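Topology and contacts: notes
Okay, here's what each chain looks like letter by letter:
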Amino acid sequence: MCSAPGQELFKNAIKEYKLDGCLVSALRPKMHEATFRKAAEDAGLNPFKVEIANIREQCSRVHDDKEIGTAKSKDLVKMMVERLKYSRPLERYQMPLTRRVLILGGGIAGIQAALDLANAQIPVSLVEREPSLGGNMARLSETFPTLDCSQCILTPKMVEVVNHPLINVHTYAELESLDGYIGNFRATIRLKAKSVIEDKCTGCGECWEKCPFTAESEFELGLNKRSVIYIPFPQAVPSVPVIDRDNCPKFIKGKCGLCAKVCGPNCIDFTQKDKIIEEQIGAVIVATGFKLMPNVYREYGGYRPPHMTPEKLTAKIRKTLPRSTAGRLVDVINGLEFERLASASGPTKGEIRRPSDGKKPETVVFIACVGSRDCNKGVEYCSKICCMYTAKHTMLYQHSVPNGKSYVFYMDIRAGGKGYEEFINRAQHEGAKYIRGRVSQLSKKGDKILVKGADTFTGHAIDVEADMVVLATAMVPQENAIDVAKTLGIGYD
Amino acid sequence: MPVDSSTGGIFLAGACQGVKDIPETVAQASAAASKVMQLFSRQELWREPEVAIVDQKHCMNCWDCVTVCPYNAIEREEKNGSPRQFLEMGCKGESRVIFGVRPCDAASIGSLNAVFSSANAGFDDPFFTKRRENTTIVTYSCTEPDESCFCTSVGLTPDGDRGSDLHLTEIANNRLHVEIKTPAGEAVAKIIEPLFQGTGDEEARLRAGKEVQKKMKRIRNSHLIKGWLDDLNNFDDEMWARLGEKCIGCGACTFMCPTCHCFDIVDETRGRKGYRVKFWDACQFDHFTLHASGHNPRDSQYKRYRNRFTCKFEIYWDKFNAQGCVGCGRCIRDCPVNLDITEYMMEVDLKASMPNALERDPDFE
């Protein structure tokens, strides 16, 4: 029936008998309802007077007993005939369309989508939660498999976004709510108070250089400090600082205000409040990105209390811990933290030094699949990029410490992609020792970390005394990804 | 690469949709952008006219549609009251008659009464007791027991009147013998008074009852079971594992059983409101007694079936002083693997009456 001659038959029957309703008893409507409705429309019948009784998926395919199946299909046909009696001719209608797109997230995905759309003459509103565009890609030192400088690719795009006449960038902002439907959404956006008048600010840097107080840098993942009035990283776009009100003494005790004194264009405004704006938009692109799975260290016996995330530790406890962000083996870091250590703009200026005492690590152990591919210890899926970035890390490490030893404990190498397998081979040629096996425990031994692992090829247990351990931690959605999905009303898992 | 979300007009790009590296992220971002361009390629948007409407006559205000609609298209209109009021309405309920209840089922309501009313349980479940108060039960003696029925084996009869308000028995010449058991039954009888003809025939009714009892095919002894179960040495008897091996834990028996009543209470959220919900549970499920520590005292299926059997023949008596099994035979009829509760009864009866007779011969079979 759904073939061209079948359609012809259908059309001719409508014309010949002047039908005012059609029942197709065939297959599932999801597949061919549109086909038959189109045919009916061609034959001059209102397409919404066509109904489909699904006797294939609901009868013939699922019942072995022919009699039962036939009886059921008869019932279905009877029911659809009754339905057809009640159905009214309907007309499709047109709705106005707002030509403006809201993009959530100012990482590389959001930036690319914004540029593509704006270059096609579609106005864009870009909402970014942090004070600067860039997202996770801005944290990377080099990209695989070409070892290009990540920021060299990203920064020009960030500048292009901010300067584009059709892109309206809201940094330090969050989506409050979204009403409406396709083509006609109404978005409520909260612009968090920056305490800095954006239009006046020239980005001279006087304020954040003079600011006497510091807090942990989110961008550096706690490896370094930043001033309380800050831009996240030197290449930040827009180059307008914000005041971290939770840590600023002006807001806590009402004292200081040095930044306002040194600001030339006089743009510091301590009284600024959050602003709520509404925008009419036609479509949304969600590009909220990922973070690395928190709290994986306990898998290896780290000494952070297992139910405590670093956010829950009070300032007093933090001081007693070896390093600010964690109460764990200090030199066990995750992939993103290693990126910061290897980055030329990072806290160590591109020299790989371990966080605890700043020593150049002579032995580094990289552990792949931490938290990935194991639903008991993390997520069930493969995080896909860890094999590649671990290989990249070994290379960056070998380049920085030529005589260093690097070991990679892996489950298996998944390097599908152009030039990817070659990249892994190159890493191995450059000195990384790949050991197939898992690590069971990390413990402290002097100022080193004792890595207890296994080599499943030789069947032997392997102990490595490492100066630093890098975990290739699983990628998980941002912590508020589910809230965003609920705000937008889209499905999530 | 999938860039569509479940909602029209919202697209996904980058690692929020799934793990990917930078080249893939950029590709998906461009794909999402081109989807938006497709959408914006026309000046206006064509909409399909088929939409769902709420049938006000039948809507019972559960508001589930409001919660699940991804487009937030359904508006909540507090017309007929909130879900909570609905629940209370259901409890107050108008009085009703259940007609044609079989004697085994009528007896089971008495057993449930023991569980949910304050007399034995020490707590009144208003949901149950209110409904029970407003319900009149008209029983109808069985005429044709099938091969799974075994009510006579647990001390009931197919013409019994336990738990009945008004009891009907078929006697000869297509006539019914009517017995009024309670004031509630009397009230119903008054309503249907015009239907009565002649006087009752006590003798014919007893005769009819006896005849049906003769037709019972499945007859077991149950009076020794409780004593045997009370002996804790029998808790680890080999028969439990042997007979219960085939149970697949589907829970059909507990869901069909007229005296199974286990329930759980959880706090649920709907939107911004919270509800305390009671729902049925079943001892045949593997998480029924699962402790928070991960330990489960009934860690294998035969232990769960042992619990069910013990519950029916021992725990019910001990805890509620009521009959646990009424012999309706549903669990036999509906079991997908033909697990037979009367087989257990028979085995236990044998073990209880002849403690040493059932030493199994390993060479047998």
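The paragraphs below set out a description of the structure included in this document.

The rules behind these values
- Along each chain, numbering runs from 1 in the same order as the chain's sequence is written.
- A letter from A marks each chain and a number from 1 marks each ligand, given out in the order of writing.
- In view of the model being predicted, local features appear only for residues whose pLDDT reaches at least 70, and side-chain atom pairs are presented and counted only at 80 or more, with totals across whole chains, interfaces and linings using the full set of residues.
- Hydrogens are left out, water is left out, and the side-chain values use all remaining heavy atoms of the structure.
- Helix and strand labels come from DSSP, where a helix needs a run of H or I of at least four residues and a strand needs a run of E of at least two; each type is numbered from the N terminus.
- Accessibility here uses a 1.4 Å probe with only protein chains present; expressed as a share of the type maximum, an area under 20% marks a residue as buried, one over 50% as exposed, and anything in between as partly exposed.
- In what follows, a contact means two residues having at least one pair of non-hydrogen atoms within 4.5 Å.
- Joining two parts hides part of their accessible area as seen by a 1.4 Å probe, and the buried area is that hidden amount summed over both.
- For this analysis, a salt bridge means a side-chain nitrogen from Lys or Arg found within 4 Å of a carboxyl oxygen belonging to Asp or Glu.
- All amino acids are sorted into three groups, where Ala, Val, Leu, Ile, Met, Phe, Trp, Tyr, Cys and Pro are nonpolar, Asp, Glu, Lys and Arg are charged, and the leftover types, Gly among them, are polar.
- Computed over the protein atoms alone on a 1 Å grid, cavities are sets of points where a 1.4 Å probe fits but cannot get out and pockets are open sets with protein on both sides within 12 Å along at least five of seven lines; a residue lines them when it has an atom within 4 Å of a point.
- Grid points are joined across faces, edges and corners, and a volume is the space filled by probe spheres set on the points.

**Re the overall build of chain A**
Helix and strand counts for chain A stand at 14 helices and 26 strands. Of all 493 residues assigned to chain A, the portion counted as buried reaches 50%. Long-range pairs, those at least 24 residues apart, make up 67% of the contacts in chain A between residues at least 6 apart in sequence.

**Focus: unusual backbone geometry**
Residue and element names in this part refer to chain A. Put simply, F144 and P145 share a cis peptide bond, and its omega is -5°. Looking at the secondary structure, you find P145 in the loop between β6 (142-143) and β7 (148-149). In this structure, the amide linkage connecting V237 to the following residue, P238, adopts the cis form with an omega of -5°. Turning to its location among the elements, P238 is positioned in the loop between β13 (229-230) and β14 (242-243). Positive phi is not limited to glycine here, since K18 has a value of about 50°. For K18, the position within the fold is in the loop between α1 (4-17) and β1 (22-26). By relative accessible area, K18 is classed as exposed at 72%.

**A closer look at the interface of chain A and chain B**
Interface size is often expressed as the accessible area that is lost when the parts come together. In this complex, chain A contributes 52 residues to the contact, which on the side of chain B involves 39 residues. Summing both sides of the interface, chain A and chain B together bury roughly 3900 Å²; the carbon and sulfur share of this comes to 66%. Note that K384 of chain A is salt-bridged to E24 of chain B, the shortest N-O span being 3.2 Å. Taken together, the elements giving at least two residues each to the side of chain A that touches chain B come down to β3 (93-96), α5 (108-119), β9 (173-181) and β16 (283-286) of chain A. A per-element tally of the side of chain A that touches chain B places α5 of chain A first, with six residues. For the side of chain A that touches chain B, the per-class residue count stands at 33 nonpolar, 12 polar and seven charged.

**A short note on the side chain of R306 of chain B**
In this structure, R306 of chain B sits in helix α12 (residues 301-320). Non-local contacts of R306 of chain B, meaning those with residues more than four positions away in its chain, are made with F235, D236 and W240 of chain B.

**Here's the deal with empty space enclosed by the protein**
One water molecule sets the probe size; rolling that probe over the atoms shows where empty space is left. All names here are of chain B. This structure, assessed with the given rule, holds six cavities of 30 Å³ or more. Residue lining of the largest cavity: 14 residues in total, with C247, C253, Y305, C335 and L339 positioned closest to the centre. Residues belonging to the lining of the largest cavity are distributed by class as follows: 11 nonpolar, three polar and no charged. Mapped by element, the contributors of at least two residues to the lining of the second largest cavity are α12 and α13 (330-333). When grouped by side-chain class, the residues that make up the lining of the second largest cavity number eight nonpolar, four polar and three charged.

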